[in-house]
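Chain and residue survey
Okay, here's what each chain looks like letter by letter:
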Amino acid sequence: MISFEKFKKAFIRRKFLKLLLKKEESRVVSQKEIQTVGVITSNEIYNTIKLKEEVEKVLNLRNAKIYSFRPFEKHQEFSYKHFSEKDFNWNGKVIQTNFKEFIDKPFDLLIGYFDKENLYLENTILQSKATF
């Protein structure tokens, strides 16, 4: 018997691959100056590197926004800086309001910074409304 989480992950992966092909076909390069930056990362990187500060320093800007993926744990406190697999419904749509606002924000640049394959991080980047 297949578990709900396995079904959910398989469905999201299938949808992810279709969206990836669609994005590759409709890619547009922007010549606009970078003023707004979003960063998507894993919780391990978020806890070890001051990524937000580094991005702001290197790109000479202020107020970069950052969200990190951390696996869901039942007794975890809610955070406006983290998301988990529970923030996606069975077909891969984001259901957590604040995280959805982050994804829908048209950043000039979205940086996906993670060192391990993660369907939820990759899916988030593809769903983003960032220009680049």
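Basis of the calculations
- Residues numbered from 1 in each chain as written.
- Predicted model: local features only at pLDDT ≥ 70, side-chain atom pairs only at ≥ 80, totals over all residues.
- Heavy atoms only, no water.
- Patch = residues over 30% accessible without salt bridge, like charges linked within 9 Å, V, L, I, M, F, W, Y side chains within 5 Å.
- Areas by Shrake-Rupley, 256 points an atom, 1.4 Å probe, with all protein chains shown as cover.
- Salt bridge = Lys/Arg side-chain N within 4 Å of Asp/Glu carboxyl O.
- Helix = DSSP H or I, 4+ residues; strand = E, 2+ residues; numbered from the N terminus.
- Buried < 20%, exposed > 50% of the residue type's maximum accessible area, 1.4 Å probe, protein only.
- Pairing = 2+ DSSP bridges.
- Phe/Tyr/Trp six-rings, centres within 6.5 Å; stacked < 30°, edge-to-face > 60°.

**Notes on a nonpolar patch on the surface**
- There is a patch of nonpolar side chains on the surface, built from Ile-34, Val-58 and Leu-59 and spanning about 250 Å² of accessible area.
- As for its placement among the helices and strands, Ile-34 is situated in the loop between helix H1 (4-25) and strand S1 (37-42).

**Examining the pattern of salt bridges**
- This structure, assessed with the given rule, holds 3 salt bridges.
- As a salt-bridge pair, Glu-56 and Lys-52 come within 3.0 Å of each other at their nearest N and O atoms. Of this pair, Glu-56 and Lys-52 both sit in helix H3 (residues 51-59), separated by 4 residues, roughly a single helical turn.
- A cluster of three or more residues bridged by salt bridges with shared partners is formed by Lys-100, Asp-104 and Lys-129.

**Considerations on the pairing of strand S2 (residues 65-69)**
- With 4 of 5 residues buried, S2 is to be regarded as a mostly interior element.
- One ladder, built from 5 bridges, connects S1 with S2; its direction is parallel. Paired with Ile-40 across the strands is Tyr-67, a residue of S2.
- In this structure, S2 lies alongside strand S3 (residues 82-83), joined through 2 bridges in parallel fashion.

**Quick word on the packing of aromatic side chains**
- One pass over the structure, following the stated rule, counts 11 aromatic pairs.
- Aromatic side chains Phe-83 and Phe-88 sit 6.2 Å apart centroid to centroid with 65° between the ring planes, which places their arrangement in the edge-to-face category. By the burial criterion, Phe-83 is buried, and Phe-88 matches it.
- Plain terms: the ring middles of Phe-99 and Phe-102 are 6.4 Å apart, the flat faces sit at 10° to each other, and that makes the pair stacked. Linking Phe-99 with Phe-102, this pair stays in helix H4 (residues 97-104), spanning 3 residues, or about one helical turn.
- Judged by its relative accessible area of 8%, Phe-102 falls in the buried class.
- Site record: aromatic cluster; members linked through ring pairs are Tyr-67, Phe-69, Phe-83, Phe-88, Phe-99, Phe-102, Phe-107 and Tyr-120.

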